[in-house]
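Coordinates in review
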Amino acid sequence: MPTFSNPVLPGSRPDPSICRVGADYYLVTSSFAYFPGLPVHHSRDLVDWTPLGHVVDRPSQVSLTGLDVSDGLWAATIRHHEGTFYVVVTLARGRRGSTTHLFTASDPAGPWSDPVALDAEGIDPSLFFDDDGRCWFTACRDAAEPEVTGPGELWMRELDLHRQELTGPTYALWYGAVRGAWVEAPHLYKRDGVYHLIAAEGGTEHHHAVTAARAESVTGPYTTDPRSPLLTHRHRGAAEPVHNVGHADLVDTPAGETWAVVLGTRPTEGTHTLGREVFLVPVEWTDRGPVFAPETGRVGLSERLPAGVAAPPAPDGRPVRDDFAGPALGPEWTGLRGPTDHLVFPLPGEGGLSIRLSPEPLTSTGTPAFVARPQQHLRMRAAALVRLTAPAPGQEAGLVVFQNERRHATLALTVDGDGTRQAVLTAVDAGISTRLGAVPVTGTEVVLAVDGDEAAYAFHVEDGARSTVGSIERPFFSTERAGGFVGVHLGLYGTSGTGEGEAHVRWFEYVPGRD
């Protein structure tokens, strides 16, 4: 039987939501404080995904200024109805829902509208279009009586599509299958006249799980599916390659199958650095409701192809080289909290990316001169050919392995007061910088590189010869140590205390290894 490899979208792409229009599938994931935000991907087979663009690509749409990397845009849902695409999402501040935004577009590649703020509390909003054309908004929030019902409540109101506002009464739908655990990520589906409410419980880590309830009416009452959890890896051992499974969204194929996109992680010795990734799981409908992964009951690294997909696509293990030919960065690149005017490309006469050094450090919650892309493979190499133009003390530019503003590492070109050029490795932990090593450089342009594997990230300089500057253990960058909800991003940056200076990056290369 032909198979494909999971995850279908590797790297930090959590909280997947999916919809289908004809033969085309569209998927959106959380982006937190990265900008552009809410990446949209497209597929014709559910397995091979291509980035289309972003829902949030203008600073006028949403302000992310001042936010922690793991705040920002959480758990969007994408749906299509009568020629219009809809995305609803929570803007989180201080790890709590702040504002719920509704975006619309006629083309999922954009442009997307400016958002409409909905009168909705909580997080993880979703939309359900019933057979009669009415649209129902669901989300999760703190329960009014947590000592009686449990801490979380899934709730519903009707969404007036013409006025783009919530209307009518509020319905409390369900408090989850696992009392004492927070219930979130509600999505509604209708099958043979029965409404199925799929949710997530147990947090986003080891106890994450997919649970369900059902009702004869869209507004309830909903009764817990006694089979819950319908999908989880909480009971599996440390040797299981996929953990933290949950946050499911379902889609029907033209061939009549149902598949779910779920998030999961691939830990190594108890910690993961790639973040929460998108996995694809078959679903079978029965009289009792949906059965996830009916043949195995688990999310595997290998799965049968969806019906109608003729041949398995090759795993994405190809090197990626970006020469920054312009006129814009590709959709895989993002910055922090907004667009930066410190990036210029292509550089006239020679191509490449010019980074105007910024006084905004990576440790701030502002918008530094920084661009990065998610790390997608445990074993990999990232490298860039960098020149620091007319360097002066206090200026630096180079590679960054970025977990969050309080925990990351940089390999940067600098110059001492006596004019000595160096490549310096610095680790930032809890916002405190520690210099781990340095090597002198003589060339005007040098290759800065980092190699990652199960054990560590090793940092190198190629300046005529290859020199190792130092290494940092891999778990240092893990979510388990750093906290938050994001995985490692690899990128480029430049800072200067005075805001003066410039660096030039001729190319950036990402080379996957064999995981």
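Everything below is about the structure printed above this text.
Bear in mind the structure is a predicted one, so any value in this text is a computation, not a measurement.

Basis of the calculations
- Residues numbered from 1 in each chain as written.
- Predicted model: local features only at pLDDT ≥ 70, side-chain atom pairs only at ≥ 80, totals over all residues.
- Heavy atoms only, no water.
- Pairing = 2+ DSSP bridges.
- Helix = DSSP H or I, 4+ residues; strand = E, 2+ residues; numbered from the N terminus.
- Axes fitted to C-alpha atoms, helices over the stretch in contact; angles between N-to-C directions.
- Core = buried A, V, L, I, M, F, W, Y, C linked by side-chain atoms within 4.5 Å.
- Buried < 20%, exposed > 50% of the residue type's maximum accessible area, 1.4 Å probe, protein only.
- Contact = heavy atoms within 4.5 Å.
- Salt bridge = Lys/Arg side-chain N within 4 Å of Asp/Glu carboxyl O.

1. Re the sheet that holds strand β7 (residues 72–81)
With antiparallel pairing, four strands are arranged side by side in an open sheet as β7-β8-β9-β10. The two strands at the open ends of the sheet, each matched to only one other strand, are β7 and β10 (116–118). Sheet twist, expressed as the mean angle between neighbouring strand axes with direction ignored, is 25°. In the sheet, strand β9 (residues 96–105) pairs with β10 via three bridges, with the strands oriented antiparallel. Looking at β10, one finds that Thr-100 is bridged to Leu-118.

2. Examining the nonpolar core
Among the nonpolar cores identified, the biggest contains 41 residues, and Leu-448, Phe-459, Val-461, Leu-492 and Phe-508 are the most heavily contacted of them. Sort the elements by how many residues they give to this core and strand β30 (residues 380–389) lands first, with five residues. Filtering out sequence-adjacent residues up to four positions away, Phe-459 remains in contact with Val-401, Ala-409, Leu-411, Leu-425, Ala-449, Val-450, Ser-467, Thr-468, Val-469, Gly-470, Ser-471 and Ile-472.

3. Re the pattern of salt bridges
Per the counting criterion, the structure on display carries 36 salt bridges. With a closest N to O distance of 2.9 Å, Arg-58 and Asp-114 form a salt bridge. Taken as a pair, Arg-58 in the loop between β6 (50–56) and β7 and Asp-114 in the loop between β9 and β10 lie far apart in primary sequence, 56 residues in all. Linking Arg-79 and Asp-249 is a salt bridge whose minimum nitrogen-to-oxygen distance equals 3.0 Å. Taken together, the residues Arg-79 in strand β7 and Asp-249 in strand β20 (residues 243–252) connect sequence positions 170 residues apart. Relative accessible area serves as the criterion here: at 12%, Arg-79 is assigned to the buried category.

4. With respect to the sheet that holds β6
Two pairing modes exist for strands in a sheet, parallel and antiparallel, and in both the strands are linked by backbone hydrogen bonds. Pairing is antiparallel across the open sheet formed by four strands, whose spatial order is β2-β3-β5-β6. In this open sheet, the two strands that pair with only one neighbour each are β2 (17–21) and β6. Strand after strand, the sheet turns through a mean of 25° between neighbouring axes, direction not considered.

5. Here's the deal with the pairing of strand β5 (residues 37–43)
Of all the seven residues making up β5, seven are buried; the element is thus mostly covered by neighbouring parts of the structure. Judged from the four bridges that link them, strand β3 (residues 24–28) and β5 form a sheet pairing that is antiparallel. When the bridges of β5 are listed, Leu-27 appears paired with His-41. In terms of strand pairing, β5 meets β6 through five bridges, oriented antiparallel.

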